[in-house]
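Working through the structure, step by step
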Amino acid sequence: MVELCSIEEIEDNSSKGFQLEQGALFVVKKYDQVYVYSNSCPHIGIPLEFQPDEFLDQDKEYIMCANHGALFEIENGNCVAGPCAGQSLKAIPFEVRDNKIYLL
């Protein structure tokens with residue numbers, strides 16, 4: 001099991017990227033719920049963020065691909081707008097234990 005970080009390290013309505021041996025991924029925290037996805041746009045497989053740790057749109061309602069403007073629902077990774085509409089981000093299995101996020 002790989003420890004990513006403490007939940008307190010990610011502010012609510014924000015995101016944080018990680019580069020691990022297993023690949024690039026990111027965590028989104030919204031309303032104190034945590035979601036973990038592979039950092040790869042399903043359209044052409046490029047990283048989603050333009051600036052480090054900036055995976056959300058301006059209103060912090062969707063995950064956004066900075067290159068194509070595709071929008072993904074935070075809760076399930078489904079693309080609702082953009083060139084990959086109908087596709088989804090790859091969810092990464094994780095668990096929260098003792099206020100820390102671990103990959104499974």
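Refer to the structure above for everything that follows.
Read on for a plain summary of the structure.

Reading guide: rules and limits
Per-chain numbering applies: the sequence of each chain, read as written, is numbered from 1 onward. Local features in a predicted model are, by the rule used here, given only for residues with pLDDT of at least 70; side-chain atom pairs are given and counted only at 80 or more, and totals for whole chains, interfaces and linings are based on all residues. Side-chain figures throughout are based on the complete set of non-hydrogen atoms in the structure, without hydrogens or water. Elements are defined by DSSP. Helices are runs of H or I of four residues or more, strands are runs of E of two residues or more, and each kind is numbered from the N terminus. Residues are treated as being in contact if the distance between any of their heavy atoms lies within 4.5 Å. Each residue's exposure class comes from its accessible area (1.4 Å probe, protein chains only) as a fraction of the maximum for that residue type: buried when under 20%, exposed when over 50%, partly exposed otherwise. Residues adjacent in sequence count toward polar contacts only when both atoms are side-chain atoms; beyond that, a polar contact is any pair of N or O atoms within 3.5 Å, and within protein one must be able to donate a hydrogen and the other to accept it. Each salt bridge in this description consists of a side-chain nitrogen of Lys or Arg and a carboxyl oxygen of Asp or Glu lying within 4 Å of one another.

Tracing the chain through its elements places Met 1 in the segment before strand S1 (2-6). Sequence separation between Met 1 and Tyr 102 is 101 residues, and the spatial gap between their C-alpha atoms is 6.3 Å. In this structure, Met 1 is in contact with Glu 95, Arg 97, Tyr 102, Leu 103 and Leu 104, ignoring residues within four places of it in sequence.

A word on the side chain of Ser 15. Its location among the elements puts Ser 15 in strand S2 (residues 14-20). Here Ser 15 falls in the buried class, since its relative accessible area comes to 10%. At 2.9 Å, the side chain of Ser 15 forms a polar contact with the backbone oxygen of Asp 53. Reaching out from Ser 15, the side chain makes a polar contact with the backbone nitrogen of Phe 55 at a distance of 3.2 Å. When sequence neighbours within four positions are dropped, the list of residues in contact with Ser 15 reads Ile 10, Val 27, Val 28, Asp 53, Glu 54, Phe 55 and Leu 56.

Turning next to the pattern of salt bridges. Inspection of the entire model under this criterion finds three salt bridges. Glu 3 is paired through a salt bridge with Lys 100; the nearest N and O atoms lie 3.9 Å apart. Of the two residues, Glu 3 is situated in strand S1 and Lys 100 in strand S9 (residues 100-103); the sequence distance between them amounts to 97 residues. The class for Lys 100 is partly exposed, based on a relative accessible area of 32%. The salt bridge involving Glu 61 is made with Lys 30; its shortest N-O contact spans 3.6 Å.

Spatial relationships are all this shows, so hold off on functional conclusions.
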